[in-house]
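# Commentary on secondary and tertiary structure
Residues per chain, in single letters:
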Protein chains: 2
Amino acid sequence: MSDPFVVVGADAAGLSAASKFRREAPDRDVVVFEKGQWISYAYCGMPYFIEGRIERMSNLLSLSPSEVDERGIDLRRGHEVVSVDPDAKTVAVETTDGDTVEQAYDDLLVATGGRASVGPFDVRGLDGAFTLHDMDAAAAIDAYIAEPDEYDPDRADVSAVDRERVDRNAAMAAPETAAIVGGGYVGVEMAEALSGRGLDVHLFHRSGHVLSDFGEAVGERVEAELVERGVTVRTNAPVEDLTGDGRIEGIAFDGADGPETLPVDMAIVGVGIRPNTELLDGTGVETGAGGAIRTDEYGRTTLSDVYAAGDCATAIHAVTGEEAWMPLGLTANRAGRAIGATIAGDPSPVGEIAGTAVVKAFDMEAGRVGLVEDEAAREAGFDPVRETVTAGSRSGYYPGAAPTDVTLVADRDTGRLIGGSIAGPDRAAIRIDTLATALEADMTVPEVERLDLAYAPPFSPVWDPILVAAKVLNGTLDGD
Amino acid sequence: MSDPFVVVGADAAGLSAASKFRREAPDRDVVVFEKGQWISYAYCGMPYFIEGRIERMSNLLSLSPSEVDERGIDLRRGHEVVSVDPDAKTVAVETTDGDTVEQAYDDLLVATGGRASVGPFDVRGLDGAFTLHDMDAAAAIDAYIAEPDEYDPDRADVSAVDRERVDRNAAMAAPETAAIVGGGYVGVEMAEALSGRGLDVHLFHRSGHVLSDFGEAVGERVEAELVERGVTVRTNAPVEDLTGDGRIEGIAFDGADGPETLPVDMAIVGVGIRPNTELLDGTGVETGAGGAIRTDEYGRTTLSDVYAAGDCATAIHAVTGEEAWMPLGLTANRAGRAIGATIAGDPSPVGEIAGTAVVKAFDMEAGRVGLVEDEAAREAGFDPVRETVTAGSRSGYYPGAAPTDVTLVADRDTGRLIGGSIAGPDRAAIRIDTLATALEADMTVPEVERLDLAYAPPFSPVWDPILVAAKVLNGTLDGD
């Protein structure tokens, strides 16, 4: 136990692990290497910063470097871990000065996160084209949207920010028309954000409805809201290319009547993220779902004393019991914390993931959990049966009651609930937690139907929309 | 099978049973006797009608008599079932004309509901003093509050209404100061309602905090909101008497410095309800918790072919597995529906109750589930350990984030979650459903801590308040 616990990456998973470890094992050392300058920022808050709901970028930082220091964590920013030798139990670290040093570890956590996938597109070569996966991108987007004489440099009030990139984007003429490539949750959130900044927004999605993972019922509801709020939604419209010379000029896509080009002066490419696993290339580590680093129930990789957590690691799915890769914030925080405890001597499972996700599109809220799409359910060996109902969010006579769509998916043979989604403008999103809890408890649909859920006119009708959906799905399962 | 299914009482439980029975057994007869004229009204909506949020009393009716008729249900209003002969399998029915007829049954459902408890107070003898347990009372209260020349008789737009009572109350001078006796959820809702009508409201509660069943943390939070909104809250202030001669004049109560009298010109007594079980007096039926009619998992009483459901019947508590009496709307609807199915030939358990309840006090929301108070937990054989945390309802940087109090109660030996409560102004109430689901699944606190709950800045922080509470309670259970 002479060498420290070494963590690669100072974001949600890495710092959660380091913090928990120091609390549980105060006499042992932990070193966190971060290749960049940013630490512990709220990725999920970036669309709302860009929208302008959040005034200062510093609001999105959970922990400052000095707070990390106060926790007794040896944080080294500008230190990139470039290789791991699992036999020698050392890592090689490059500093921003170009020096390379070797660091021994007792235990190693790889928390290298993910990066935006850019698909086939040349985003870096075009001004006005962006992905959104780090704070520097968020700051640059925010600056780009503003007119040069109206940009407030105090918006990006964090020393880590790439000031040169911000200044360069701030100096460009403000865009009027933006394309968003990809209708996942980042795409939907950015559609709201850019509309909020006064842009004419066009959202392109490859398949038939946005938010594919949320299922068709949610996709349709969210699309209706986007359209209602002035966003042009183009589904079944795969983008072929971003065009332009120096600055973005157009979006080439497959329209209903063949190839088309839409002139734009801004584009956000949000076609997913990829796990950063390259650090372990050549070590013989196994990778799994989504190409992420394979981990077990304690976050251990297949290398001895090497753990992985967060967007770079797999997890166990609560419904299938199988490996899955779902890069989400709570998963990273939770796994990091558990691994910190485990390494400190208190073995703690990282917990399963249910794929719970929620998203807001203007006044529409949506959530999903488990296996929502038939294809995913079949792949996992289930025979999916689904029902979608629309029910009131409150007693019908109470002001504010709004139609809430609930989809429940069950396995035909066992009646077990395997997934669900929800959409509606009135507190719909948070209701997904009820389904997440039911899923993790392996409840059947009849058990869901008998849940004693809350009833009071301002909050829910006697039969909560979830109970209504369970009733209907039970009827279907019974062959009614 | 020659005699019909007979139901006594045409409210939530009774009509749910009759409707389900007719759908499942369309060739069999069902007769519903209702002693009064009202059927199927939304009891829980009455405070909001009185407040004025709901414009017409007819908005509170779920089903009209003609809709019941269309369902093929033989509904007989103004027919009071006065006795049951379980050996002969008949009931005696008195009509409003004074006739008594005998009706045979194959199966009988007693769904006689509950009535307001008045404690030691003479409510009926004093104008301006009310209980709130039926629509006629709601209509009378609404009329009483209005100035005689401002009352809109169309508010009480249901033919069943006791028009004479309404007119008499409407003719009285409008009150200025109201006392509410009892700080349960009806008391809290009525405090909001009467304040909304411009009255100076004084809420009296016998014990140390309002909403006793919700636990101290919720009680304090709700009291703070009531006070903030101008309601005078008097806890530890048992009311001794309502004073007045013809019309209410004062509230005599035990103040901090001895007996006091507060002059008022209106009083609402909300000190609980009692089950209406008298119909089965003398039949040898067993009663149980709360004096309600004892029922089993299928809603069967101890009399052969006699069922009971709703506010007059006991149910099985999901946490204790023991009999309990908790008169709530969903319980009645659900049990009625299950009994209808069972009698039609599809045996269906009525479901357990978790004691889930939610309440709104102005902008504060609160919920409770399971065994919240130590005394209740100990009586059920648990060794309760509790923690209360205050956590944000959304990411701290997102507008609208508000402090949310979560209390979790666990059994020390097993770590099992046995109860919880929640309070906060931002979508706090509906979150109780997550705890209700966890309770019904017999989850432990470590299992709750590992739930994959939703995270997105507009809806929840990374660590949902429920997860934060589970973390803290786990620490306590571990002896940290």
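Just so it is clear, the structure is predicted and the values come from calculations on it, not from any experiment. (Residues numbered from 1 in each chain as written. Chains lettered and ligands numbered in written order. Predicted model: local features only at pLDDT ≥ 70, side-chain atom pairs only at ≥ 80, totals over all residues. Heavy atoms only, no water.)

## Points about the state of the cysteines
Residue and element names in this part refer to chain A. One pass over the full model with this rule turns up zero disulfides over all chains. Looking at cysteine 312, it has no disulfide partner, and the nearest cysteine sulfur is the one in cysteine 44, 16 Å off. Here cysteine 312 falls in the buried class, since its relative accessible area comes to 0%. (Disulfide = S-S within 2.5 Å. Buried < 20%, exposed > 50% of the residue type's maximum accessible area, 1.4 Å probe, protein only.)

## Focus on the UniProt feature "domain: Pyridine nucleotide-disulphide oxidoreductase dimerisation" (unreviewed entry) in chain A
Here the UniProt feature "domain: Pyridine nucleotide-disulphide oxidoreductase dimerisation" (unreviewed entry) sits at residues 358–461 of chain A. Between the C-alpha atoms that bound residues 358–461 of chain A there is a distance of 22 Å. The span itself is 19% helix and 36% strand. (UniProt positions renumbered as here; feature names shortened; annotations may be inferred. Helix = DSSP H or I, 4+ residues; strand = E, 2+ residues; numbered from the N terminus.)

## A look at the sheet that holds strand E22 (residues 364–370) of chain B
Residues and elements named next belong to chain B. A sheet is described by the order of its strands in space; here five strands give the open sequence E21-E22-E25-E24-E23, paired in antiparallel fashion. Across the chains shown, the open sheet's two edge strands, defined by having one partner strand only, are strand E21 (357–361) and strand E23 (384–392). When the angles between neighbouring strand axes are averaged without regard to direction, this sheet yields 10°. Pairing of E21 with E22, which is carried by five bridges, proceeds in the antiparallel orientation. Across the sheet, alanine 361 pairs through a bridge with methionine 364, a residue of E22. In the packing of helix H10 (residues 432–440) onto the sheet, contacts are made with E21, E22, strand E24 (403–411) and strand E25 (417–424), and the angle to E25 comes to roughly 180°. Where helix H12 (residues 465–477) meets the sheet, it contacts E23 and E24, and its direction lies at approximately 140° from that of E23. (Pairing = 2+ DSSP bridges. Axes fitted to C-alpha atoms, helices over the stretch in contact; angles between N-to-C directions. Contact = heavy atoms within 4.5 Å.)

## A closer look at the relation of the copies chain A and chain B
The two copies are related by a screw motion: chain A maps onto chain B through a turn of 180° and a shift of 0.0 Å along the axis, at an RMSD of 0.0 Å. Here the two chains are linked by the operation of a two-fold rotation axis. By C-alpha distance to the rotation axis, the residue of chain A lying nearest is threonine 434 of chain A, at 2.3 Å. When the interface residues of chain A are mapped onto chain B, 100% of them are again interface residues, pointing to one common binding face. (Least-squares fit on C-alpha atoms with pLDDT ≥ 70 in both.)

## Thoughts on the environment of alanine 469 of chain B
Residues and elements named next belong to chain B. Structurally, alanine 469 is set in helix H12. The buried category is assigned to alanine 469, whose relative accessible area is 0%. The spacing of alanine 469 and aspartate 3 is 466 residues in sequence and 55 Å in space, taken between C-alpha atoms.

## Focus: the domain arrangement of chain A
Residues and elements named next belong to chain A. When cut into domains, chain A gives domain 1 (5–36 + 78–114 + 274–343), domain 2 (129–271) and domain 3 (363–477). For domain 2 versus domain 3, the separation of C-alpha centres amounts to 32 Å. Each partner contributes to the interface: domain 2 provides 12 residues, whereas domain 3 provides 17 residues. Counting each side, the surface lost to burial between domain 2 and domain 3 is near 1000 Å², with a carbon and sulfur contribution of 57%. Ranking the residues of domain 2 by area buried against domain 3 places Phe214, Arg221 and Glu225 at the top, with a combined share of 51%. The interface formed by domain 2 and domain 3 holds two salt bridges in total. Among the ionic pairs, aspartate 405 bridges to arginine 221, the shortest N-O distance being 3.3 Å. Viewed at the interface, domain 3 and domain 2 are joined by six residue pairs in polar contact (both at pLDDT 80 or more). (Domains from an automatic or database assignment. Buried area = accessible area lost by both parts, 1.4 Å probe. Salt bridge = Lys/Arg side-chain N within 4 Å of Asp/Glu carboxyl O. Polar contact = N/O pair within 3.5 Å; in protein donor to acceptor, adjacent residues only side chain to side chain.)

## Here we look at the interface of chain A and chain B
The interface is formed by 57 residues belonging to chain A together with 57 residues belonging to chain B. Here chain A and chain B share an interface that buries about 5200 Å² over both sides, 65% of which is from carbon and sulfur atoms. The largest per-residue losses of area from chain A upon contact with chain B belong to Tyr397, Asp452 and Phe459 of chain A, which jointly make up 15% of the total buried on that side. Where chain A meets chain B, there are four salt bridges. Of the charged contacts in the structure, one is a salt bridge between arginine 337 of chain A and glutamate 449 of chain B, with a shortest N-O distance of 3.0 Å. If you list the elements that add at least two residues to the side of chain A that touches chain B, you get helix H8 (329–343), strand E21 (357–361), helix H10 (432–440) and helix H12 (465–477) of chain A. Counting residues per element, the side of chain A that touches chain B draws most heavily on H10 of chain A, at seven residues.

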